[in-house]
Amino acid sequence: MKKNIAVIGLGYVGLPLAYEFSKYYNVVGYDINNDLIKKLNKNFDQKNFYNSKELRNCEAKFTNDPSKLKDNEVFIVTVPTPVKKNKKPDLTPLKNSTKLISKYIKKNNLIVYESTMYPGLTEEILIPLIEKSTRLKINKDFLVGYSPERVSPGENKKNLTNIKKIVSGSNTNAKNQVLKLYKKIVKAGIFSAKSIKIAEAAKILENMQRDVNISLINEASIILNKLKINTFDVLDAAKTKWNFIDLKPGLVGGHCISVDPYYMKFKSEQIGYKPKVISSGRNVNELMAKNLCQRVMREIIKDKKKMNKFRIGLMGLTFKENCNDIRNSQAFKIIDFFKKKKMMIKVMDPYLKKSNIIDRRIKKILVDKFSGKLDCLIITVSHSQFLNL
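Below is a short write-up of the structure. Per chain, the residues get numbers from 1 upward, laid out in the order the sequence is written. Where local features are concerned, this predicted model is filtered to residues with pLDDT of at least 70; where side-chain atom pairs are given and counted, the filter is 80 or more; whole-chain, interface and lining totals use all residues. To get the side-chain values, take all heavy atoms of the structure and skip hydrogens and water.

### Some thoughts on the sheet that holds strand β8 (residues 190-192)
If DSSP finds at least two bridges between two strands, the strands pair. Secondary structure counts use DSSP, requiring at least four H or I residues in a row for a helix and at least two E residues in a row for a strand, with both numbered from the N terminus. With respect to topology, eight strands assemble into an open sheet ordered β3-β2-β1-β4-β5-β6-β7-β8, the strand pairing being mixed. Edge positions in the sheet fall to β3 (61-63) and β8, since each of these pairs with one other strand and no more. Strand-to-strand twist of the sheet, defined as the mean angle between neighbouring strand axes without regard to direction, takes the value 25°. Alignment of strand β1 (residues 4-8) against strand β2 (residues 26-30), held across five bridges, turns out to be parallel. Of the residues in β2, the one forming a bridge with Ala 6 is Val 28. Any two residues whose heavy atoms approach within 4.5 Å are treated as being in contact. Lines fitted to C-alpha atoms define the axes, with helix axes restricted to the stretch in contact, and inter-axis angles between N-to-C directions lie between 0 and 180 degrees. Docked against the sheet, helix α5 (residues 121-134) engages β5 (109-113) and β6 (142-146), running at close to 150° with respect to β6. Its contacts with the sheet place helix α7 (residues 196-226) against β6 and β7 (165-169), and it is angled at close to 150° to β7.

### Quick word on the packing of aromatic side chains
In this description, a pair of aromatic rings is defined by centroid distance and the angle of the planes. The criterion for an aromatic pair is that two Phe, Tyr or Trp rings (for Trp, the six-membered ring) have centres within 6.5 Å, with stacked assigned to planes under 30 degrees apart, edge-to-face to planes over 60 apart and tilted to the rest. Counted under the stated rule, the structure contains eight aromatic pairs. On the basis of an interplanar angle of 80° and a centroid distance of 5.6 Å, the ring pair of Tyr 12 and Phe 49 is categorised as edge-to-face. Of the two residues, Tyr 12 is situated in the loop between β1 and α1 (14-21) and Phe 49 in the loop between α2 (34-41) and α3 (52-56); the sequence distance between them amounts to 37 residues. With a relative accessible area of 8%, Tyr 12 lands in the buried category. Exposed residues in this analysis have more than 50% of their type's maximum accessible area, buried residues have under 20%, and partly exposed residues fall in between, with area computed by a 1.4 Å probe over protein chains only. Judged by relative accessible area, Phe 49 falls into the partly exposed class, the value being 29%. The interplanar angle of 50° and the centroid separation of 6.0 Å between the aromatic rings of Phe 21 and Tyr 25 together place this pair among those described as tilted. Classification of Tyr 25 by relative accessible area gives buried; the value is 11%. Through a chain of ring-to-ring contacts, the aromatic side chains of Tyr 12, Tyr 19, Phe 49 and Tyr 50 assemble into a single cluster. A cation over an aromatic ring shows up here: Lys 47 above the ring of Tyr 12, its NZ or CZ 5.7 Å from the ring centre. Two thresholds decide whether a charge sits over a ring: the Lys NZ or Arg CZ must be within 6 Å of the ring centre and within 35 degrees of the ring normal. Stacked on the ring of Tyr 182, the Lys or Arg Lys 165 has its end atom at 4.8 Å from the ring centre.

Right under this line is the structure:
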């Protein structure tokens with residue numbers, strides 16, 4: 001008899017899970033976004049993971065009806081873990097989804113979290129929340145696993161099935177069940193972490209490392225620019241050494257690198273240690289958009305043209321190349337900066353459609369191509385279409 005699985009959250013993480021698991025199990029994909037569900041049921045994936053033919057052949061049932069979550073043995077939670085304006089973790093989606101599935105959790109069920117967590121979050125907050133809501137006991141009545149997502153939007157060769165998966169569990173039985181589950185769909189192999197906390201920390205460390213390394217290159221580019229030295233010429237020379245990490249300066253956005261370090265920072269401060277390197281790296285990367293704008297402003301002032309007559313073209317609104325994900329994109333900071341200066345700005349991005357943009361201000365300035373003369377052109381992301389121009 002096929003196992004019944006419910007996937008909670010159908011974004012970049014949840015949809016591929018629902019798609020792949022539906023090849024072997026009965027799957028319900030749940031999301032609170034009614035528009036998303038309507039489109040998926042019409043075989044349209046707005047994130048461009050799957051084409052209409054693939055979705056037609058997908059056996060998962062997509063719904064925003066919570067009652068469809070009953071009679072499942074496994075619940076996989078893949079909701080976002082953003083930060084608030086003060087850069088503290090926003091656990092609202094996690095807590096709400098946990099409360100939701102708690103209404104349908106029964107004895108011997110398995111709950112797997114894929115959302116990014118700081119070390120201890122699953123065991124200190126989410127498991128007690130389930131116990132309180134269901135009056136069931138962990139490892140006696142239900143099991144919990146943690147398997148951090150490693151999705152990389154825009155990189156087709158790095159998808160769910162061909163990226164090594166980390167698994168962990170609330171006890172050995174839980175971990176073995178999670179391992180057996182993911183072994184069905186992940187071809188790249190499974191790494192079994194010794195505890196949930198280790199798996200949680202590993203996910204954050206992956207992105208903290210990238211954030212700090214990029215911040216070093218970004219800071220170097222600021223210094224080199226002031227010295228009137230081309231950063232890319234320096235990188236070409238430096239990367240001839242075998243152990244040099246080849247990273248480029250740029251805007252760091254998205255839902256992982258620009259968010260995960262804040263989760264570790266929050267937990268670190270909770271236990272009385274103020275992290276220095278993590279904080280410094282975040283500060284440098286958060287200020288890169290402003291630094292870029294200031295460099296442009298220095299050139300604009302030389303031009304002596306009236307600010308409100310200046311026309312700027314921005315190429316790229318997504319947070320990284322070759323994807324349509326705009327979450328935490330640093331390009332929005334650039335737009336806000338020049339709008340405050342009363343400059344005319346237009347944006348083009350081949351991966352975005354006006355119909356998918358909610359923000360009316362962005363809709364007004366989003367174009368398919370630039371018309372007329374521009375005074376300044378800023379390329380924020382290296383979409384392949386831009387590189388081919």
